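Analysis of the macromolecular model
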Amino acid sequence: SAGGLEALERFFAQVPDDTGAAFVVIQHLSPDFKSMMSEILARKTRLPIFSAEDGMVIEPNHIYLNTPRHDLRIQDGVIRLTPVEAGSQMPPHPINAFFESLAKHKGAQAISVVLSGTGTDGSSGSAAISAAGGLVMTQDVESSLFPSMPQNAAVQGPSDMVMARSEER
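Residues numbered from 1 in each chain as written. Predicted model: local features only at pLDDT ≥ 70, side-chain atom pairs only at ≥ 80, totals over all residues. Heavy atoms only, no water.

**Notes on helix α4 (residues 123-131)**
Looking only at α4, the buried set comprises Ser123, Gly125, Ser126 and Ile129. All buried residues of α4 fall inside an arc of 160 degrees around its axis, so they share one side. Where α4 is buried, its residues contact α3 (94-106), β6 (111-114), β7 (135-139) and α5 (148-156). The positive-phi residue at the C-terminal boundary of α4 is Gly133, with phi of around 90 degrees. (Buried < 20%, exposed > 50% of the residue type's maximum accessible area, 1.4 Å probe, protein only. Helix = DSSP H or I, 4+ residues; strand = E, 2+ residues; numbered from the N terminus. Arc of directions from axis to C-beta. Contact = heavy atoms within 4.5 Å.)

Given below as structure tokens:
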């Protein structure tokens, strides 16, 4: 979301290559512009980066990116994409929808990370992950260019870990 690019770059610059975790990046994407997220993140990490495809198995130490005009959820370790018809609105909170599916299917193994952005997307999904016994991480509001998303998620989650801005390695 707003201001999230810098936060994502800093986040992935700090992630070790062998965490055993899979990462799914859900952006608020415009259907009219090509995302450069894969190329941008590739400058910061050696983890393999994939555009999400329906039926794709989630593997550890990989990054998956949502795609325009698709609602992304996880079910039994598999990505499920639902096309959004041209001219219709994207679901208003794609991050919440993904986190809620993650909480349902991964329970205590689920982790939400909410970085800089505007609005409340990510907050009810973080609450679902917290209720399932998972971990809720939010960016420190002082280091967020747009603090409302991490602030709302920290309140709803509640946040188990607040990530302060750190220097890139």
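**Some remarks on the nonpolar core**
If you look at the biggest cluster of nonpolar residues, it comprises 20 residues, and the most contacted ones within it are Leu72, Ile79, Phe98, Phe99, Leu102 and Ile129. Counting residues per element, the ones that place at least two in this core are β4 (70-75), β5 (78-83), α3 and α5. Among the elements that take part in this core, α3 stands out by supplying five residues, more than any other. Ignoring anything within four residues of it in the chain, the contact list for Leu102 reads Ile74, Gly107, Ala110, Ile111 and Ile129. With 16 residues, the next largest nonpolar core counts Phe11, Phe12, Ile63 and Leu115 among its residues. (Core = buried A, V, L, I, M, F, W, Y, C linked by side-chain atoms within 4.5 Å.)

**What about the sheet that holds strand β1 (residues 23-25)?**
Strand order in the open sheet formed by three strands is β1-β3-β2, and the pairing between neighbours is parallel. Single-partner strands in this sheet number two, and they are β1 and β2 (49-51). Here the strands of the sheet are splayed against their neighbours by 25 degrees on average, with no regard to which way each runs. As defined by bridge partners, β2 adjoins strand β3 (residues 63-65) across three bridges and the pair is classed as parallel. Looking at the pairing, Phe50 lines up with Tyr64 of β3. (Pairing = 2+ DSSP bridges. Axes fitted to C-alpha atoms, helices over the stretch in contact; angles between N-to-C directions.)

**Observations regarding the pattern of salt bridges**
Taken as a whole and assessed by the stated rule, the structure comprises six salt bridges. Ionic pairing is found between Glu9 and Arg43, a salt bridge with its closest N-O pair at 3.6 Å. Taken together, the positions of Glu9 in helix α1 (residues 4-14) and Arg43 in the loop between α2 (37-42) and β2 put the pair 34 residues apart, joining distant regions of the chain. A relative accessible area of 15% means that Glu9 is categorised as buried. Judged by its relative accessible area of 60%, Arg43 falls in the exposed class. The salt bridge partner of Arg80 is Asp54, with a shortest N-O separation of 3.6 Å. Here Arg80 is found in strand β5, whereas its partner Asp54 is found in the loop between β2 and β3, with 26 residues between them in sequence. Looking at Arg80, the relative accessible area reads 35%, which means it is partly exposed. Take Asp54: its relative accessible area is 46%, and that puts it in the partly exposed class. (Salt bridge = Lys/Arg side-chain N within 4 Å of Asp/Glu carboxyl O.)

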